[in-house]
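Chains, contacts and geometry: an overview
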Amino acid sequence: MMQALIDAVKAAGLKALSFQGKVGAEDKADGSPVTLADKAAHDILMLALSETGYPVLSEEGAHTPWEARQHWQKFWLVDPLDGTKEFLAGRPDFTVNLALIDGGEPVLGLVYVPATDHLYVGEKGKGAYLEVAGERRAISVNPDGTPPVVVASRSHPAPELAGWLAKLGEHELLSRGSSLKFCAIADGSAQLYPRFNPTMMWDTAAAQAVLEAAGGLVLTLAGEPLGYRRENLRNGGFIATAAARLLPEPS
């Protein structure tokens, strides 16, 4: 099944990439942009995932009501094109995100970057790897970066970030788009990603699976693991980190 999933996310990503620079955006009901690329990538992924027997929750598909979804033990959580603003701006920081959720926990994640042909894969209990042009290497977090590198959103800056960084102390700041912020921690090039602005479940699950398989963790602002067995599709704030000891002391 794994190779079929890899083939699907790559096909979806390359299809999306073929639209870059050629399409505009329309607004969805929540005001966020959607493109023909999102829709084309969604169709490819849905066809592939229909063979697995698990239900699918995709950003671009019909959102199954909680009354039915609460009974799902395993399901696929999909963002066919994460980082739409980066995509529309012609930047490479957009991804295809595919996660398998089991009991509310992301246990398998694939994050594909079509513009650079980077594929991040993480599976609970099996570790994480980065594949570039067919070559794979294992990746793991690096909690000992000095000073720590903090990844922040390029398109969605939050007013709370400055205060959080002041509590953290000395650091370097790196701007990234899409779920690549998690992946930077997973491959050891960054240590922390604080997020205060809203995200959706499909924005985070795949890269969270990669990061956790690489040895990191993702915690809500209350210090609990970020989980996916809930009615609300919108995430609250969270901190992704290479190690809990890196987090600043709460006020």
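All of the points below concern the structure found in this document.

Scoring rules and cut-offs
Residues numbered from 1 in each chain as written. Predicted model: local features only at pLDDT ≥ 70, side-chain atom pairs only at ≥ 80, totals over all residues. Heavy atoms only, no water. 1 Å grid on protein atoms, 1.4 Å probe; cavity = no way out; pocket = protein on both sides within 12 Å on 5 of 7 lines; lining within 4 Å. Points joined across faces, edges and corners; volume = space filled by probe spheres on them. Helix = DSSP H or I, 4+ residues; strand = E, 2+ residues; numbered from the N terminus. Nonpolar A, V, L, I, M, F, W, Y, C, P; charged D, E, K, R; others polar. Expected span 1.5 Å × (residues − 1). Buried < 20%, exposed > 50% of the residue type's maximum accessible area, 1.4 Å probe, protein only. Pairing = 2+ DSSP bridges. Contact = heavy atoms within 4.5 Å. Axes fitted to C-alpha atoms, helices over the stretch in contact; angles between N-to-C directions. Salt bridge = Lys/Arg side-chain N within 4 Å of Asp/Glu carboxyl O. Core = buried A, V, L, I, M, F, W, Y, C linked by side-chain atoms within 4.5 Å. Parallel < 35°, antiparallel > 145°, perpendicular 65-115°, else oblique. Left-handed = near helix turned anticlockwise from the far one by under 90°. Lys, Arg positive; Asp, Glu negative; His and termini not counted. Polar contact = N/O pair within 3.5 Å; in protein donor to acceptor, adjacent residues only side chain to side chain.

Roughly 250 Å³ of volume is contained in the second largest pocket. Those elements that provide at least two residues to the lining of the second largest pocket are helix 5 (160–168) and strand 14 (217–220).

Counting across every chain of the model gives 1 cavity of 30 Å³ or more. In this structure, the largest cavity spans a volume of roughly 40 Å³. The wall of the largest cavity is formed by Trp66, Arg69, Trp72, Phe75, Ile101, Gly104, Tyr228 and Arg229. When the residues that make up the lining of the largest cavity are grouped by side-chain class, the tally is 5 nonpolar, 1 polar and 2 charged.

Looking now at helix 1 (residues 2–17). Helical periodicity: at 3.6 residues per turn, an α-helix aligns residues three or four positions apart in one direction. The end-to-end C-alpha distance of helix 1, which contains 16 residues, comes to 22 Å, matching closely the 22 Å that a straight helix rising 1.5 Å per residue would cover. Of the residues making up helix 1, those classed as buried are Leu5, Ile6, Ala8, Val9, Lys10, Ala12, Gly13 and Ala16.

With that settled, the discussion passes to the pairing of strand 10 (residues 149–153). With respect to burial, strand 10 is a largely interior element, 5 of its 5 residues being buried. Side-chain alternation along strand 10 places Val149, Val151 and Ser153 on one buried face and Val150 and Ala152 on a second face that is also buried. As defined by bridge partners, strand 10 adjoins strand 11 (residues 172–176) across 5 bridges and the pair is classed as parallel. Across the sheet, residue Val149 finds its bridge partner in strand 11, namely Glu172.

Locating Gly127 in the fold gives a position in strand 8 (residues 127–132). Overall, the relative accessible area of 27% leaves Gly127 in the partly exposed class. Not counting chain neighbours up to four residues away, the residues in contact with Gly127 comprise Val121, Gly122 and Ala213.

This part covers the sheet that holds strand 9 (residues 135–139). Read across the open sheet, the 7 strands follow the order 3-4-5-6-7-8-9; overall the sheet is mixed. Looking at strand neighbours, the two that pair on one side only are strand 3 (56–58) and strand 9, the edges of this open sheet. Ignoring strand direction, the axes of neighbouring strands in this sheet form an average angle of 15 degrees. The sheet contact formed by strand 7 (residues 118–123) and strand 8 spans 6 bridges and is antiparallel. Counterpart to His118 in the pairing with strand 8 is Val132. In the packing of helix 1 onto the sheet, the strands contacted are strand 4 (74–82), strand 5 (95–102), strand 6 (105–113), strand 7, strand 8 and strand 9, and the crossing angle to strand 6 comes to about 45 degrees. Its contacts with the sheet put helix 7 (residues 201–213) on strand 3, strand 4, strand 5, strand 6, strand 7, strand 8 and strand 9, and the angle it makes with strand 6 is roughly 100 degrees.

Our focus in this paragraph is the pattern of salt bridges. The full count for this structure, using the stated rule, is 6 salt bridges. The shortest N-O distance in the salt bridge between Asp144 and Arg245 comes to 2.7 Å. Linking Asp144 in the loop between strand 9 and strand 10 with Arg245 in the segment after strand 16 (238–241), this pair joins segments that are 101 residues apart in sequence.

A few words now on the environment of Phe75. As for its position among the elements, Phe75 is in strand 4. Other than its neighbours up to four places away in sequence, Phe75 contacts Tyr54, Pro55, Leu57, Ala99, Leu100, Ile101 and Tyr228.

This paragraph deals with the nonpolar core. Membership of the largest hydrophobic core comes to 52 residues, with the highest contact counts inside it found for Leu57, Leu77, Tyr120, Trp164, Phe182, Ile185 and Leu211. With residues near it in sequence (within four places) discarded, Leu57 still touches His63, Thr64, Arg69, Trp72, Phe75, Trp76, Leu77, Val78, Met201, Trp202 and Leu233.

This brings us to the packing of helix 1 against helix 2 (residues 36–49). In helix packing, the relevant descriptors are the interaxial angle and the interaxial distance, both defined with respect to the helix axes. Two elements in contact, helix 1 and helix 2, have axes whose closest approach is 8 Å; the angle formed by their N-to-C orientations is 165 degrees. By the angle between their axes, helix 1 is roughly antiparallel relative to helix 2. Of the two elements, helix 1 crosses helix 2, and the hand of that crossing is right-handed. Residues Leu5, Ala8, Val9, Ala11, Ala12, Lys15 and Ala16 of helix 1 lie in contact with helix 2, whose contacting residues are Ala37, Ala40, Ala41, Ile44, Leu45, Ala48 and Leu49.

Looking now at the side chain of Arg195. Locating Arg195 in the fold gives a position in strand 12 (residues 192–195). At 6.4 Å, Asp203 is the nearest oppositely charged side chain to Arg195, a buried residue that forms no salt bridge. One polar contact links the side chain of Arg195 to the main-chain carbonyl oxygen of Pro198, over a distance of 3.5 Å.

Distances and angles like these do not, on their own, reveal function.
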